[in-house]
Amino acid sequence: MSALPPDIVDPPTPEAPAEVEDAAAAGGAKRPGLGVIGWLSAAWLILVALVAILAPVLPVDDPTQPVRGLARQGLMSDGHILGGDALGRDVLSRLVFGARSSLLVGVGSVLLGLVVGGTLGLISGFRRGRADTFLSSLFDILLAFPQLVLALSLVAFLRPDPGQGSGAAAATGGAAAEVPKSGLTTIQILIIALGVVAIPLLARITRATTLSWAQREFVLAARAQGAKNARLMVREVLPNVLPAMFSIALLGVGVAIIAEGGLSILGVGIELPTPSWGNMIAENRNVRNAPTNALFSPIVAVFLTLMALNYLGDAVRRKFDVRDSAL
Amino acid sequence: MSTDHLLDVRAISTTFGTPRGPVRAVEDVSFTLDRGHTLGIVGESGSGKSVLSRSIMGLVPNNATVTGSVRFDSFEMVGASPRALRKVWGAQMAMVFQDPMTALNPVQKIGQQIIESIREHLDYSGVQQREAAVALLRSVGIPEPERRLSQYPHELSGGMRQRVVIAIALACGPALLFADEPTTALDVTVQAQILDLLAAQQEERRMGVVLVTHDLGVVATRADDIAVMYGGRIVEKAPTDVLFREMRHPYTEALLKSIPRLDLPSHTRLEAIGGRPPDLLHPPRGCRFAPRCPYARERCHEVEPPLEDAGDGHLYRCWYPVGIASEQTTLASVVEHAQEREPGDAVAAEPVLDTPADEASGAATDPPSTPPREVATGAGDGTTGDAAPARDDPPPAPPAPEGTR
Amino acid sequence: MAGHGDAHLGPADEALLRVENLHVRFPTGRGTVFAVTDVSLDIRRGETLGLVGESGCGKSTTGRAILQLPPPTEGKVLFEGTDLAALRGETLRRVRTRLQMIFQDPISSLNPNRKVEDIVAEGIRIWDPPPRSPITLVGMALAAVGAVVLLLSAFGVLGLFAVGVALLLAGAAVGLVHVVGGVGQRMTDAERAKVHEVLEAVGLDPEAAWGRRPHQFSGGQCQRISIARSVVTEPDLIICDEPVSALDVSVQAQILNLLEDLKARYGLTLVFIAHDLAVVKNVSDRVAVMYLGRMCEVGPPEIIYSRPAHPYTDALLAAIPEPDPDLRHQQREALAGELPSPLAPPSGCHFRTRCPRAQQDCVEVVPIMAPTGDGRFVACHHPLVDVQVDLATSGRAARSGPDQG
């Protein structure tokens, strides 16, 4: 037992104490849950993710095969909930498989950006000095390219020669697909291209957050206990930087999905007939001729997903901000 | 002496509406102030002293409700329209804030910030405005005032910035000045300069000054009257000499005993006040200081003491005040008095402060019966006692932090 | 004014820490900041050395330079005879556990995203890492498998790609959460016991504090956690950088008492840095006064405070408002002028631009530390207390120039 009894045995409070002098400010500091909309957003995203993962085993038609008599049929025709598109393919099944492609591209590219960009940003913000100067210049160079141009160039660079036709084979995932010139499928190309575009953005944000956290005294205190730089970065700084990164990343997924759509319009997205939400919008973008259900189904899906991502990103940020604002 | 005071505050209470319930930051505060006098308001964080000065001025946020009456030169401030208040602010009543770094706009030149106030209230031409600004800067002791007019705040040192803040406050010659911790962020030598400046300006302009601070040393030497605040209430108020010579409230006494003093030898064990400031969401039922008070008895926890008048302008709020034996206690003898009295008896009789034997907190220099022993706040809510006695304590609620000023 | 020279240093083998001719200079865009110029001091084991001065005097910088955080520009820091400035890499890191630091802001010195027990245990864990939990290992394995699958899928098919991504994601998420969040580290019994011990030693209830994060504690409690963290490695020396300045007056006393108790319990040696002279006197065995990067005076607090030899110390003491209204009439005129810029400190004695006793030799020659015969040393050409010339060791008389020494 201790030689001296404690001066004050003073246990903390179960909830965050309010700064009384700033009682006015304390007005906003209630415990943030996700809120109703937050939970709805999360539910939608989980649904979309499940649908995307389970697509092959779901009881929907083949998204690339037209169904006799379904062309240009509206909603609820003949057992097909969302009707058929101009070629007679089932819109619902295209939506389901489209979710797969879009999510893969969206999440994949952001992950790439997060892992590579986040790491580089963390190093650059923590070490400062020459590493920072070098890396920051790198980011600036990449950011100087208009994002679309950069994405296009990367896709063109990685893309198979036209005429080797990898599209049809890749659509069904057959093992006998001709290996494209660069050895990558279209989805992988898109992930890399959009990921590289995302890297400098995420790196800059990570660097900025890291700069402010790395100066805090608890980092100095850990260093004073003999921790190496790597340990300081991972244990002290990274846990504080991650919340900001994740909320940005969630927003980034939405942006990537839209970007894929833009690339589809330019003809370099996921090749038809493999559906993605982006290329569904693209192929039906001639509003006059396109069947309404075929055009608006992917639009609504993208809209809902983007809203859910944005809202959730915000909610995550708010949840972690409160913890910091009490400081 | 005219019965018309410059400032007459009666029963001011300020409550903040928060999602967790109403927070009573200031309760039932009354005092008066005359021209040429200085009132010092002393308290720690959570005492409500800053909220008080802002409530009097009317500078409270939307979720605050202020009740009571504030008569400034026969104009009622509480409930006045924003338009009417704006005529008063700056021109008649001004405030000097604590942090000169944030009180000045970093992207505006100094001159602009001073002239802003002049332009609002006085009818001067452009040239006259500039001249007035230069004269002001000179009067607050800033060298080369003409050059300073076109400088930005970051080009000035902390002490200079605070002088500018004071200049802005005095620009239109107000009759009443609130100084809210004006020197806390400054070095001690600069603090002395600034306090001298305030005193000189007060004398020259015959202003009334309300000096809000946590530093007893500052009010001891600069205030005519002192009000000690705790938990939103005034617990003691007296002319400065009287307060230090004949303090009545245990908090005042505890405060004085807990600060390190230059005339005490090294390694003097300080008598810390145990526990933490009260939670203003759920204030204790009786006296707000009772949970930490070494002399507290049952009545203190049940009923809030009213303000008593000891004559000579000395008010206090305590059922069992110290020094009531009416000897003149000087600061030096405060400790001896504490040794003489045996509050331990009264306390032992009540099961209130039933902390186990950790009051022998190793205080080698003071005798063990010295009252302000460190108290274990088991519930962490301002009540005392690990084994919280079977009484109706308020539910354990998050207390205010002792914290950071 | 200060000073340089080492007359005030005792025999090298008696000192736990001996700083010789410390210089810290920061290159900035606007020139070089002379933060610390030729400071020498020593501390014996078990002593508390107070380092006092106003902002810009270099006391905090000195404290950090002692810990080599960052290493000083010039000078030696001898800890038990070994020059810390000459150590690198692993050796330096190992020594760090014996020199610790407590910071001013209790809240920003704790990692808001970690639990209290992890914060406190970190010092032990760095050197004695506990085993990882199985979940972390599983997570990391999953991530590795996922990466391999991903690689393979480059030659394969969409399906495998998705599976690969999913595995990688899942594994990375789990692994990351555990590694970064420290969730996956079990606490060994030895660690737990030690953390318990230090939490209790600083006056916190370990059971109640366990599993909580800093934002759930008050300022004073956070400072206690910070102190617990610094004693967990059982250091010999702790540098306390303004540990009570951000705390309320009543909490200050608690923390000061706590530091004294811990010093006795763990056999600590303290360097106590503060701007509050009364606080410094209360805890220190010897006090060193600094001004603009140099040392002015060093010696026992009783002597320095009652008969200051250095004009700056004198001015500093005169500026302190004492909580005793009878001293009101003894208030002296405040020290005039402003602190010179550390980019261009005055030649010779740094204090000469504000010193009422400055003369020509103060402009040209940097004063060196000399004894006044009562255990105190002062660096001044015209001190208030006479220097005993015959006792002074022959220090080097420096030519003027801002960074000579």
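Since this is a predicted model, take the numbers as computed values, not measurements.

S.K.: What am I meant to see in the overall build of chain B here?
M.R.: The helix and strand inventory of chain B stands at 14 helices and 12 strands. Burial status across chain B gives 53% buried among its 405 residues. Partitioning the intrachain contacts of chain B with sequence separation of at least 6 by distance along the chain shows that 66% fall at a separation of at least 24.

S.K.: Would you mind going over the packing of helix 7 (residues 158-170) of chain B against helix 8 (residues 188-205) of chain B with me for this structure?
M.R.: The description of two packed helices rests on the angle between their axes and on the distance between the axes. Residues and elements named next belong to chain B. Closest axis-to-axis distance for the helix 7/helix 8 pair is 10 Å, and the angle between their directions is 15°. In this view, helix 7 runs roughly parallel relative to helix 8, as classed from their interaxial angle. The hand of the helix 7/helix 8 crossing is right-handed. Here helix 7 contributes Gly158, Gly159, Gln162, Arg163, Ile166 and Leu170 to the contact with helix 8, which in turn contributes Val190, Gln193, Ile194, Leu197, Leu198 and Gln201.

S.K.: Mind showing me how you'd approach the interface of chain C and chain B here?
M.R.: The extent of an interface is frequently quoted as the accessible surface area lost upon association of the parts. At the junction of the two partners, chain C supplies 45 residues and chain B supplies 45 residues. Residue assignment for the side of chain C that touches chain B shows that the elements contributing at least two residues are helix 8 (219-231), helix 9 (249-266), helix 10 (277-283), helix 11 (301-306) and helix 12 (311-319) of chain C. With 9 residues, the top contributor of residues to the side of chain C that touches chain B is helix 9 of chain C.

S.K.: I would appreciate a short explanation of the nonpolar core in the present structure.
M.R.: General note: in soluble globular proteins, nonpolar side chains tend to be found buried as a group. Within the largest apolar cluster, 280 residues are counted, with the highest numbers of intra-cluster contacts made by Leu194(A), Ala167(B), Val120(C) and Val271(C). Sort the elements by how many residues they give to this core and helix 2 (residues 91-127) of chain A lands first, with 18 residues. Excluding anything up to four places from it in sequence, Ala167(B) contacts Ile114(B), Leu136(B), Leu137(B) and Val140(B).

S.K.: Is there a simple way to explain the packing of helix 2 of chain A against helix 8 (residues 229-265) of chain A in this structure?
M.R.: Residue and element names in this part refer to chain A. Interhelical geometry of helix 2 versus helix 8 gives an angle of 145° and a closest axis separation of 8 Å. Note that helix 2 runs across helix 8; the crossing there is right-handed. In this structure, helix 2 contributes Ser102, Val105, Gly106, Val107, Ser109, Val110, Gly113, Leu114, Gly118, Leu122 and Phe126 to the contact, and helix 8 contributes Met233, Val237, Leu238, Val241, Met245, Ala249, Gly252, Val253, Ala256, Ile257 and Glu260. Classifying every residue of the contact of helix 2 with helix 8 gives 15 nonpolar, 6 polar and 1 charged.

S.K.: What should I look at first to understand helix 1 (residues 49-57) of chain B in this one?
M.R.: Side chains of residues three or four places apart in an α-helix project in the same direction, reflecting 3.6 residues per turn. Residue and element names in this part refer to chain B. Burial of helix 1 is extensive: 9 of the 9 residues sit out of reach of the surface. Buried residues of helix 1: Lys49, Ser50, Val51, Leu52, Ser53, Arg54, Ser55, Ile56 and Met57, and no others. One or two residues past the end of helix 1 sits Gly58, with phi positive at roughly 95°.

S.K.: Help me understand the sheet that holds strand 5 (residues 82-83) of chain C, please; the structure alone is not making it clear to me.
M.R.: Residue and element names in this part refer to chain C. Strand order in this open sheet of 4 strands is 2-1-4-5, and the pairing throughout is antiparallel. A strand with exactly one partner marks an edge of an open sheet, and here the two such strands are strand 2 (31-44) and strand 5. Inspection of the sheet shows strand 1 (residues 15-28) paired to strand 2 by 10 bridges, in the antiparallel sense. When the sheet's bridge partners are listed, Arg25 is paired in strand 2 with Phe34. Across the face of the sheet, helix 1 (residues 59-66) comes into contact with strand 1, strand 2 and strand 4 (74-79) while running at roughly 115° to strand 1.

S.K.: How should I be thinking about helix 7 (residues 217-224) of chain A in this particular structure?
M.R.: Summarising burial for helix 7 of chain A: 7 of the 8 residues are buried, a large majority. Contacts made by the buried residues of helix 7 of chain A are with helix 6 (186-214) and helix 8 of chain A together with helix 2 (89-96), strand 6 (99-102), helix 3 (116-127) and helix 8 of chain C. Phi turns positive, to about 100°, at Gly226(A), one or two residues after helix 7 of chain A.

S.K.: Looking at this model, I keep getting lost on the environment of Ile299(A). Mind explaining?
M.R.: Here Ile299(A) shows up in helix 10 (residues 292-325). For the pair Ile299(A) and Ala151(A), spaced 148 residues apart in sequence, the C-alpha to C-alpha distance is 23 Å.

S.K.: Would you mind going over the confidence of the model for chain B with me for this structure?
M.R.: Parts of the model with low pLDDT should not have their predicted coordinates read in detail. Residues and elements named next belong to chain B. Of all residues in chain B, 79% have pLDDT values of 70 or greater, and the mean over the chain is 78. Across residues 325-333, where pLDDT falls below 50, the model places 11 contacts with residues more than four positions away in sequence or in other chains. In this model residues 339-405 is a low-confidence stretch, pLDDT under 50, and it forms 160 contacts with partners more than four residues away in sequence or in other chains.

S.K.: Mind showing me how you'd approach the environment of Val202(C) here?
M.R.: Residue and element names in this part refer to chain C. Positionally, Val202 belongs in the loop between helix 6 (189-201) and helix 7 (206-209). A tally of 27 C-beta atoms within 10 Å means that Val202 is categorised as buried. With 57 residues separating them along the chain, Val202 and Leu259 place their C-alpha atoms 8.6 Å apart. Apart from residues no more than four positions distant in its own chain, Val202 is found in contact with Arg224, Ile227, Ala228 and Leu258.

S.K.: It is not clear to me how the sheet that holds strand 7 (residues 237-241) of chain C should be interpreted in this structure. Could you clarify?
M.R.: Two pairing modes exist for strands in a sheet, parallel and antiparallel, and in both the strands are linked by backbone hydrogen bonds. Residues and elements named next belong to chain C. Pairing is mixed in the open sheet, where 8 strands are placed in the order 6-7-8-3-9-10-12-11. The open sheet terminates on both sides in strands that have one partner only, identified here as strand 6 and strand 11 (370-371). Relative to the sheet, helix 8 contacts strand 6 and strand 7, its axis offset from that of strand 6 by approximately 175°.

Conventions adopted
- Residues numbered from 1 in each chain as written.
- Chains lettered and ligands numbered in written order.
- Predicted model: local features only at pLDDT ≥ 70, side-chain atom pairs only at ≥ 80, totals over all residues.
- Helix = DSSP H or I, 4+ residues; strand = E, 2+ residues; numbered from the N terminus.
- Buried ≥ 20, exposed ≤ 12 C-beta atoms within 10 Å, placed from the backbone.
- Contact = placed C-beta atoms within 7 Å.
- Axes fitted to C-alpha atoms, helices over the stretch in contact; angles between N-to-C directions.
- Parallel < 35°, antiparallel > 145°, perpendicular 65-115°, else oblique.
- Left-handed = near helix turned anticlockwise from the far one by under 90°.
- Core = buried A, V, L, I, M, F, W, Y, C linked by C-beta atoms within 7 Å.
- Nonpolar A, V, L, I, M, F, W, Y, C, P; charged D, E, K, R; others polar.
- Pairing = 2+ DSSP bridges.
- pLDDT = per-residue confidence, 0-100.

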